[in-house]
Amino acid sequence: GGSLMPVPGVGPQPALGMVIGEAPGKDEMRQGRPFIGPAGRMLDTALHALGVVRDQLYITNVVKEMPTTAEGHIRRPYEQETEAWWPILQGEIENTAPLAILCLGRCAIETVTLKLYDVPGGNLPFGSKVGIVYAAWHPAFLLHGGGGKGRFENWIAQLNPWAEALPRP
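Along each chain, residues carry numbers from 1 onward, in the same order as the chain's sequence is written. Owing to the predicted nature of the model, reporting of local features is limited to residues with pLDDT of at least 70; listing and counting of side-chain atom pairs is limited to 80 or more, with chain, interface and lining totals taken over all residues. No hydrogens and no water enter the side-chain calculation; it runs on all heavy atoms of the structure.

### Quick notes on the nonpolar core
Our working definition: Residue types Ala, Val, Leu, Ile, Met, Phe, Trp, Tyr and Cys, when buried and joined through side-chain atoms within 4.5 Å, form a set referred to as a nonpolar core. Using a 1.4 Å probe on the protein chains alone, a residue whose accessible area is under 20% of its type maximum counts as buried, one over 50% counts as exposed, and one in between counts as partly exposed. The secondary structure listing takes helices from DSSP runs of H or I that are at least 4 residues long and strands from runs of E that are at least 2 residues long, numbered from the N terminus. Throughout, a residue-residue contact means that at least one pair of heavy atoms, one from each residue, lies within 4.5 Å.
Among the nonpolar cores identified, the biggest contains 23 residues, and Leu104, Trp155 and Trp162 are the most heavily contacted of them. Secondary-structure elements contributing two or more residues to this core are helix H2 (38–50), strand S2 (57–61), strand S3 (100–104), strand S4 (132–136) and helix H6 (151–165). Aside from chain neighbours lying at most four places away, what touches Trp162 is Met18, Val19, Leu47, Val52, Leu57, Ala100, Ile101, Leu102 and Tyr134.

### So, the side chain of Arg54
Convention followed: Contacts described as polar in this section are N or O atom pairs within 3.5 Å, which, within protein, must combine one atom able to donate a hydrogen with one able to accept it, while residues neighboring in sequence count only if both atoms come from side chains.
One can find Arg54 in the loop between H2 and S2. Judged by relative accessible area, Arg54 falls into the buried class, the value being 18%. A polar contact is formed between the side chain of Arg54 and the backbone oxygen of Phe35, at a distance of 3.0 Å. Residues within four places of Arg54 in sequence aside, it is in contact with Pro34, Phe35, Ile36, Gly40, Asp44, Leu47 and Ile59.

### Points about the sheet that holds S3
Under the convention used in this document: Strand pairing requires that DSSP identify at least two bridges connecting the strands. The axes are straight lines fitted to the C-alpha atoms, using for helices just the contacting stretch, and the angles between their N-to-C directions are given from 0 to 180°.
Ordered in space as S2-S1-S3-S4, the 4 strands form an open sheet in which the pairing is parallel. Each edge of the open sheet is held by one strand with a lone partner, namely S2 and S4. Neighbour-to-neighbour, the strand axes of this sheet turn through a mean angle of 20°, independent of strand direction. By the bridge criterion, 5 bridges tie strand S1 (residues 17–21) to S2 in an arrangement that is parallel. The partner of Gly21 across the bridge, within S2, is Asn61.

What follows is the structure in structure tokens.
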């Protein structure tokens, strides 16, 4: 905390594609941009492999500040934090009006799908402006050894339906 500012999303609005992660890490807090640390570099590698141009995407996180324990260790965001930041993310989604949203990791997947779909009558609050929500592992999960053998290839396979939903130039 202290003097560090929240990390806003970056990218064009509207944009055809959107990427939503969990929360900024140390590198992101220092530089004020999402997905620029090790997880961001892994995302860049995947986007390049998929033929997706990062600058054409809107990239953000559910929570815009790094959640830490009293000892200063990074932790998962609490539900109160995802709730508090939801109006900001909702505005980002509305302003981006993406054809395809990529949610990376459980926090983003749960927050976005519950908020978008868990409404009376099952209608999306954004009408038909928002396309399909896709889910995949967060790159940090892979960096910490998750996903087992062939994990990068498996992750690319998870990302591919989202990438395929984006119109190509």
